[in-house]
Amino acid sequence: MSATLTRPPQDALSAATPTQPPHTPWLRSVLLAIGAAAVVVVVLLAFLWPTITSSVKDLPIAIAGDSTAVSAVEKQLDTAADGAFDPTTVATRQEAVDLIRARDVYGAIVLGDQPEVLTASANGAAVSQILGQVATRIQASAQQQADAAVQQAIAAGRAPAGTQASTITVKVTDVVPLASTDSRGLGLTASAFPLVLGGMLGGVLISLLVAGSWRRLTAVAVYAVTVGLAVTGILQGWFGILQGGFWVNALAVSLSMFATASFIVGMNALLGRVGIAVGAVLTVLVGNPLSSAAQPLQFLVGPWGEIGQWFVPGASVTLLRDLSYFPDADATFPWLVLSGWAAAGVAAMLAGHFRNQEVTEAAA
């Protein structure tokens, strides 16, 4: 009795034999490499361009004194640094202090018998350094005027020969100083990027790992509240970087996290995986470099400083700085910006949910 040999079907052989994926075409390989290199260049420019091209322009300051003295100082400022300052005239020192604490101006020059320059180091070291240079110039100018007046008096016989003008010193007063736990302001600046990265990371992970629109929305809310409490506990309770009320700071951090994460999840719901890239690009490559975390928005070229305040990173940094050091400042705008991005993210998630339902029903 002979055994009958049967040949397995060709399909079975093909299924059992592992197949290698086809090679990527040469042209596509080269184009992908060039595209990846272009992305690196764009990222580099996005982070370096605001710093390299930064210059002082229309920095708001107050000048207190009589009109004649104020006009003279304004001319000196225009001569020394054309367009660097945007002065506001006030009558008294207290008015200038009130404007600084409300963050309507970043510093002030008080004229009179004892000239004084008011600063707010909580605005950043760069502004304090600039105002310190202004104090030096005013002191030198005032001393020259005093010396010239004494020489004229000697020449006119109104003063004995050898008379010396009194030494003029311009006092520099820090009206809103940084906390001793963050005396150089490096902590608040350094924490800006991790906050941006945290919101983006939460949005990406929830987009990839959580299915279901309502579950995603719940996950984003839980993530934002949890991270907000934890981050505020570290920044304020542990390192003392944030000041002011703990709960309002936690609310600000949570809203910032929710705004970024919900927007990325919403874009994913509307556009698919491409939406994740759109949300990340707007947050990290556009919003973060324009956030003015390390220097005032007036240092950025053109309108980019103002534009940066319409994105989550800029609004969150401004809000946390105001809550910590400038409680008299009007923080309505950053609150509205963060709320707007959060609402846009939720709306996108819901729109994606109902769109997917319509597609499913049409295919049934």
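It should be emphasised that the depicted structure is a prediction, and the values quoted were computed from it without experimental measurement.

A.B. asks: I'd like a rundown of the packing of helix α7 (residues 192-209) against helix α8 (residues 213-238), residues and numbers included.
C.D. replies: Each pair of packed helices gets described by two things: the angle between the helix axes and the distance between those axes. Running from N to C, α7 and α8 point in directions that differ by 155°, and their axes come no closer than 10 Å. Between α7 and α8, the crossing angle belongs to the class labelled roughly antiparallel. Our pair here, α7 against α8, has a crossing hand that is right-handed. Of the residues in α8, those in contact with L195, G198, G202, I206 and S207 of α7 are R216, A219, V220, Y223 and V231.

A.B. asks: Break down a nonpolar patch on the surface for me, citing the residues and quoting the values.
C.D. replies: Together, L27, V30, L31 and I34 line one region of the surface with nonpolar side chains, adding up to about 410 Å² of accessible area. Tracing the sequence through the fold places V30 in helix α2 (residues 26-52).

A.B. asks: Describe the sheet that holds strand β5 (residues 171-174), and please don't skip the residues or the numbers.
C.D. replies: Pairing is mixed in the open sheet, where five strands are placed in the order β2-β1-β3-β4-β5. Because the sheet does not close on itself, it has two edges, and the strands there are β2 (85-90) and β5. With direction set aside, neighbouring strand axes in the sheet form an average angle of 20°. As paired elements, strand β1 (residues 59-64) and strand β3 (residues 108-110) share three bridges and run parallel to each other. Bridge assignment links A62 to a residue of β3, and that residue is A108. Of the strands in this sheet, β1, β2 and β3 are in contact with helix α3 (residues 67-80), which crosses β1 at around 150°.

A.B. asks: Can you lay out unusual backbone geometry for me, pointing to particular residues and giving the numbers?
C.D. replies: The backbone of D58 sits at a positive phi, close to 55°, despite the residue not being glycine. Its place among the elements puts D58 in the loop between α2 and β1. The class for D58 is partly exposed, based on a relative accessible area of 42%. Even without glycine at this site, S292 takes up a positive phi of about 60°. With respect to the helices and strands, the residue S292 is situated in the loop between α10 (273-287) and α11 (304-308). By relative accessible area, S292 is classed as buried at 15%.

A.B. asks: Outline the packing of aromatic side chains, supporting the account with residue identities and numerical values.
C.D. replies: All told, the structure shown has five aromatic pairs when counted by the stated rule. Between W238 and F239, the aromatic rings sit 4.8 Å apart at their centres with planes inclined by 10°, giving stacked as the arrangement. Residue classification places W238 among the exposed positions, given a relative accessible area of 63%. One aromatic cluster is present, formed by F263, F311 and W341 through successive ring pairs.

A.B. asks: Talk me through the environment of L270; I want residue IDs and the actual numbers.
C.D. replies: Along the polypeptide, L270 turns up in helix α9 (residues 246-271). Owing to a relative accessible area of 28%, L270 belongs among the partly exposed residues under this scheme. Between the alpha carbons of L270 and G352 there is a distance of 4.8 Å; along the sequence they are 82 residues apart.

A.B. asks: Can you tell me about α9, naming the residues and giving the values?
C.D. replies: For α9, spanning 26 residues, the distance from its first C-alpha to its last is 37 Å, which sits close to the expected 38 Å at 1.5 Å a residue. Once α9 ends, the next one or two residues include G272, with phi positive near 85°.

A.B. asks: Go over the confidence of the model for the protein, please, and point to the residues and values.
C.D. replies: With 89% of its residues at a pLDDT of at least 70, the protein reaches an overall mean of 85. When the criterion is pLDDT under 50, residues 357-364 qualifies, and its contacts beyond four places in sequence or with other chains add up to zero contacts.

Definitions and limits used
Residues numbered from 1 in each chain as written. Predicted model: local features only at pLDDT ≥ 70, side-chain atom pairs only at ≥ 80, totals over all residues. Heavy atoms only, no water. Axes fitted to C-alpha atoms, helices over the stretch in contact; angles between N-to-C directions. Helix = DSSP H or I, 4+ residues; strand = E, 2+ residues; numbered from the N terminus. Parallel < 35°, antiparallel > 145°, perpendicular 65-115°, else oblique. Left-handed = near helix turned anticlockwise from the far one by under 90°. Contact = heavy atoms within 4.5 Å. Patch = residues over 30% accessible without salt bridge, like charges linked within 9 Å, V, L, I, M, F, W, Y side chains within 5 Å. Areas by Shrake-Rupley, 256 points an atom, 1.4 Å probe, with all protein chains shown as cover. Salt bridge = Lys/Arg side-chain N within 4 Å of Asp/Glu carboxyl O. Pairing = 2+ DSSP bridges. Buried < 20%, exposed > 50% of the residue type's maximum accessible area, 1.4 Å probe, protein only. Phe/Tyr/Trp six-rings, centres within 6.5 Å; stacked < 30°, edge-to-face > 60°. Expected span 1.5 Å × (residues − 1). pLDDT = per-residue confidence, 0-100.

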